[in-house]
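Topology and contacts: notes
Each chain is listed here by its residues.
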Amino acid sequence: MARTTDADLAPHELRVLVAVAVTGGFSAAAETLGLTQSAVSHSVRGSERKIGAVLFERGRNGARPTPAGEKAVAHARRILRLLDVLTTEVRGAARSDAAKGPLRIAAFRSAALHLLPPVLQRLRARHPGIEPQVRIIREVGRGTMGEVADGKADIAIATLGGSVPLGSGLVASRLFEEPYALVHAAGHAAPRSLPLVDWAENCGSYTRDWWAAQDWIPKATVEAEDDGAVLSLVSAGHGMAIMPALSLVGAPDSVGITDLGPNRPTRQVGYVTASELAGSAVVRALVRELRATAPQGVSVPGREA
């Protein structure tokens, strides 16, 4: 039988690491956990000794995780979440309860606005004991997938096939494919002649290659933080944009939408979760509703100039 050793980190030590990272200091972490500052400091030193690495940079402004500390905190979050799931599901099995407990979801803006509402409605109807918690994350760099990797989310709605590889210990599955379209002020006779309004987002390799091959697309003259701002700027006549279909749901009549043709770029949308949580009741319940609700393909609204 496997035994714990003095080198193993206990759950209370993991909670201290997470609290220090979240609060940015030993004193604040101590207040959050109901401990003394010396107890928090002692716990962190003990964890560093067991791991064999400095986990936090100490300074006058508090404590900040080192690169090793960031990895340790990410793993700590995921382990603590798994312990929560273990307790909830074992108790539920003993009482024959349905799936219940918190479910942390990370989603990019258009998915949170247009995909999740009907999914969560079905989820609540079937599993009233599940408590969804949705955070909107910019789909740039590690994006929503990074929230799962860092233990901040149980599941993410993400762009698949991007330049950032799937992190270690994560699993992903495709839900649907959505096309991009040319978006411009309604009624414009030559929308391809307009300046480009753009925003940073993750996209697949095919979309990047398609974009690079289009000599009619100018360098962006206006850049925005997200697709909602882009749509607003386009609607006001500040230029044209190339946007995925999910971002165009409910677009105002002042926006014209032109299909980019049979070779148009597309975006693969799916979910990402941690391998240790993939079999949990709450994640499986959400995945079932995502697959039941999400379309197999999202069509571009037919509103050409």
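Look up: the structure comes first, before these words.
Criteria and cut-off values
- Going along each chain's sequence as written, the residues are numbered from 1 onward.
- Reporting in this predicted model follows two pLDDT cut-offs: at least 70 for local features of residues, and 80 or more for side-chain atom pairs to be given and counted; totals over whole chains, interfaces and linings ignore these cut-offs and use all residues.
- Hydrogens and waters are ignored; side-chain quantities use all the structure's heavy atoms.
- Strands here are runs of E lasting at least two residues and helices are runs of H or I lasting at least four, both read from the DSSP assignment and numbered beginning at the N terminus.
- Only protein chains enter the accessibility calculation, which uses a 1.4 Å probe; a residue whose area is less than 20% of its type maximum is buried, one above 50% is exposed, and one in between is partly exposed.
- It only takes one pair of heavy atoms within 4.5 Å for two residues to be counted as in contact.
- Using a 1.4 Å probe, accessible areas were evaluated by the Shrake-Rupley method; residue-level cover was limited to the displayed protein chains.
- Only four residue types enter the charge count: Lys and Arg as positive, Asp and Glu as negative, with His and the chain ends excluded.
- By convention, the point assigned to a charge is CZ for Arg, NZ for Lys, CD for Glu and CG for Asp.
- Fitted lines through C-alpha atoms serve as axes, helices being fitted only where they are in contact, and the angles separating the N-to-C directions of these axes extend from 0 to 180 degrees.
- Working definition: roughly parallel below 35 degrees, roughly antiparallel above 145 degrees, roughly perpendicular at 65 to 115 degrees, and oblique for all remaining angles.
- Handedness of a crossing follows from how the near helix is turned relative to the far one, being left-handed for an anticlockwise turn of less than a right angle and right-handed for a clockwise one.
- Residue classes follow a fixed rule: Ala, Val, Leu, Ile, Met, Phe, Trp, Tyr, Cys and Pro count as nonpolar, while Asp, Glu, Lys and Arg count as charged, and any other residue, Gly among them, counts as polar.
- Each reported salt bridge corresponds to a side-chain nitrogen of Lys or Arg within 4 Å of a carboxyl oxygen of Asp or Glu.
- Nonpolar cores were defined as sets of buried Ala, Val, Leu, Ile, Met, Phe, Trp, Tyr and Cys residues, with membership established by side-chain atoms within 4.5 Å.
- Patch members must show over 30% relative accessible area and no salt bridge, and they are joined within 9 Å when carrying like charges or within 5 Å when they are nonpolar side chains of Val, Leu, Ile, Met, Phe, Trp or Tyr.
- Expected span, for any helix, means 1.5 Å times one less than how many residues it has.

Now for the overall build of the protein chain. Assigned secondary structure in the protein chain consists of 10 helices and 11 strands. In terms of overall dimensions, the protein chain has a C-alpha envelope of 70 × 50 × 30 Å along the principal axes. The buried share of the protein chain, reckoned over its 305 residues, is 46%. A separation threshold of at least 6 residues defines the contact pool for the protein chain, and within that pool the share at least 24 residues apart is 74%. As displayed, the protein chain offers around 15,200 Å² of accessible surface, 52% of which is attributable to carbon and sulfur atoms. Averaging the coordinates of the 34 positive side-chain charges in the protein chain and doing the same for the 30 negative ones gives two points 6 Å apart.

Bringing the packing of helix H1 (residues 11-23) against helix H2 (residues 26-33) into the picture now. Between H1 and H2, whose axes approach to 8 Å, the crossing angle comes to 120°. Here H1 lies oblique to H2, going by the angle between them. The hand of the H1/H2 crossing is right-handed. On H2, the residues that touch Arg15, Val16, Ala19, Val20 and Thr23 of H1 are Phe26, Ala28, Ala29, Thr32 and Leu33. Per-class residue counts for the contact of H1 with H2 are seven nonpolar, two polar and one charged.

A few words on the pattern of salt bridges. Per the stated rule, a full pass over the model turns up 15 salt bridges. Between arginine 122 and glutamate 289 there is a salt bridge; the shortest N-O distance is 2.8 Å. Note that arginine 122 is positioned in helix H6 (residues 116-126) and glutamate 289 in helix H10 (residues 281-293), a separation of 167 residues in sequence. Of the residues examined, arginine 122 reaches a relative accessible area of 31% and is grouped as partly exposed. Classification of glutamate 289 as buried rests on a relative accessible area of 4%. Close ionic contact of aspartate 259 with arginine 264 constitutes a salt bridge, the shortest N to O distance being 2.6 Å. In this structure aspartate 259 comes out as partly exposed when scored by relative accessible area, which is 31%. A residue is classified by how much of its surface remains accessible, and arginine 264, at 25% relative accessible area, is partly exposed.

Another aspect to go through is the nonpolar core. Across soluble globular proteins, nonpolar side chains show a tendency to be buried alongside one another. Core analysis: the largest hydrophobic core is formed by 42 residues, its most contacted members being Leu103, Leu115, Ile155, Ile157, Leu286 and Leu290. Of all the secondary-structure elements, those providing two or more residues to this core are strand S3 (101-107), helix H5 (109-114), H6, helix H7 (143-149), strand S5 (155-160), strand S6 (170-185), strand S11 (266-274) and H10. With seven residues, the single largest contributor to this core is H10. With near-sequence residues (within four places) excluded, leucine 290 lies in contact with Leu115, Val119, Ile157, Leu175 and Tyr271.

Let us now look at the side chain of threonine 144. Along the chain, threonine 144 turns up in helix H7. For threonine 144, a relative accessible area of 0% translates into the label buried. If near-sequence neighbours (up to four positions away) are discounted, threonine 144 is found in contact with Ala106, Ala107, Phe108, Ile137, Arg138, Glu139, Ala156, Ile157 and Ala158.

Here we take up the side chain of serine 43. Structurally, the position occupied by serine 43 is in helix H3 (residues 37-51). The class for serine 43 is buried, based on a relative accessible area of 9%. Look past the residues within four positions of serine 43 in its chain and what remains in contact with it is Glu13 and Val16.

Here we take up the packing of H2 against H3. Look at H2 against H3: their axes get within 8 Å of each other, and the N-to-C directions meet at 110°. As judged from the angle between their axes, H2 and H3 are roughly perpendicular. In this structure, H2 uses Phe26, Ser27, Ala29 and Ala30 to contact H3, whose residues at the interface are Gln37, Val40, Ser41 and Val44. Residue composition of the contact of H2 with H3, grouped by class: five nonpolar, three polar and no charged.

So, about a nonpolar patch on the surface. Taken together, Ile79, Leu83, Leu86 and Val90 make up a surface patch of nonpolar side chains, about 340 Å² in accessible area. Within the secondary structure, leucine 86 sits in helix H4 (residues 67-95).

What follows concerns H3. Its 15 residues give H3 an end-to-end C-alpha distance of 21 Å, which sits within 8% of 21 Å, the value for a rise of 1.5 Å per residue. Along H3, the positions that sit buried rather than exposed are Val40, Ser41, Ser43, Val44, Gly46, Ser47 and Glu48. Buried positions along H3 lie against H1, H2 and strand S1 (56-59). Following H3 by one or two positions, glycine 52 has its phi on the positive side, about 85°.

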